[in-house]
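Take a look at the letters that make up each chain.
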Amino acid sequence: MAHYKVFINKKLCKGCGICIEICPRNALRFNGINPETGYRNPEQVGECIGCRQCMWYCPDQAVVVVGEQ
Ligand code: SF4
Ligand code: SF4
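Residues numbered from 1 in each chain as written. Chains lettered and ligands numbered in written order. Predicted model: local features only at pLDDT ≥ 70, side-chain atom pairs only at ≥ 80, totals over all residues. Heavy atoms only, no water.

Peer 1: Got a minute to help me understand the pattern of salt bridges in this structure?
Peer 2: Any two side chains of opposite charge can pair, given that their charged atoms come close. Applying the stated rule across the entire model yields 3 salt bridges. Taking the shortest distance from any N to any O, the salt bridge between lysine 14 and aspartate 60 comes out at 3.6 Å. Of this pair, lysine 14 sits in the loop between strand S1 (4-8) and helix H1 (18-22) while aspartate 60 sits in the loop between helix H2 (53-57) and strand S4 (63-67), placing them 46 residues apart in sequence. Judged by relative accessible area, lysine 14 falls into the partly exposed class, the value being 41%. With a relative accessible area of 23%, aspartate 60 lands in the partly exposed category. In this structure, arginine 29 and glutamate 43 form a salt bridge, with 3.9 Å as the shortest nitrogen-oxygen distance. With arginine 29 in strand S2 (residues 28-33) and glutamate 43 in strand S3 (residues 40-44), the pair connects residues that are 14 residues apart, well separated along the chain. Under the relative-accessibility criterion, arginine 29 is labelled partly exposed at 49%. With a relative accessible area of 26%, glutamate 43 lands in the partly exposed category. (Salt bridge = Lys/Arg side-chain N within 4 Å of Asp/Glu carboxyl O. Helix = DSSP H or I, 4+ residues; strand = E, 2+ residues; numbered from the N terminus. Buried < 20%, exposed > 50% of the residue type's maximum accessible area, 1.4 Å probe, protein only.)

Here it is in structure tokens:
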């Protein structure tokens, strides 16, 4: 089983929540307010299957998914 890790660039994220809604595994959720930007930032809380939909649909290019195939 491949392991994937999701990184959110907190300087770019605007807290829209698209990545959270689109994830088929509910692997992301908001984790508080970023004091530097005032936006909510997602964090990875569940298993990621590496589909990269969160990365493609993020309007601010704030998501990077890394892992082995
Ligand atoms: S790559 Fe797919 S499974 Fe992983 S967090 Fe993003 S949307 Fe969810
Ligand atoms: S889709 Fe992008 S901008 Fe929106 S909450 Fe997710 S990481 Fe942040």
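Peer 1: Got a minute to help me understand the site of ligand 2 in this structure?
Peer 2: In the region of ligand 2, 13 residues are neighbours, and Cys13, Cys16, Gly17, Cys19 and Cys58 sit closest. Looking at the shell around ligand 2 residue by residue, the class counts come to 9 nonpolar, 2 polar and 2 charged. (Near = heavy atom within 4 Å. Nonpolar A, V, L, I, M, F, W, Y, C, P; charged D, E, K, R; others polar.)

Peer 1: Explanation requested: the side chain of asparagine 34 in the structure shown.
Peer 2: By secondary structure assignment, the location of asparagine 34 is in the loop between S2 and S3. One polar contact links asparagine 34 to asparagine 41, side chain to side chain, over a distance of 3.1 Å. In this view, asparagine 34 contacts Lys10, Tyr39 and Asn41; residues no more than four positions away in its chain are not counted. (Polar contact = N/O pair within 3.5 Å; in protein donor to acceptor, adjacent residues only side chain to side chain. Contact = heavy atoms within 4.5 Å.)

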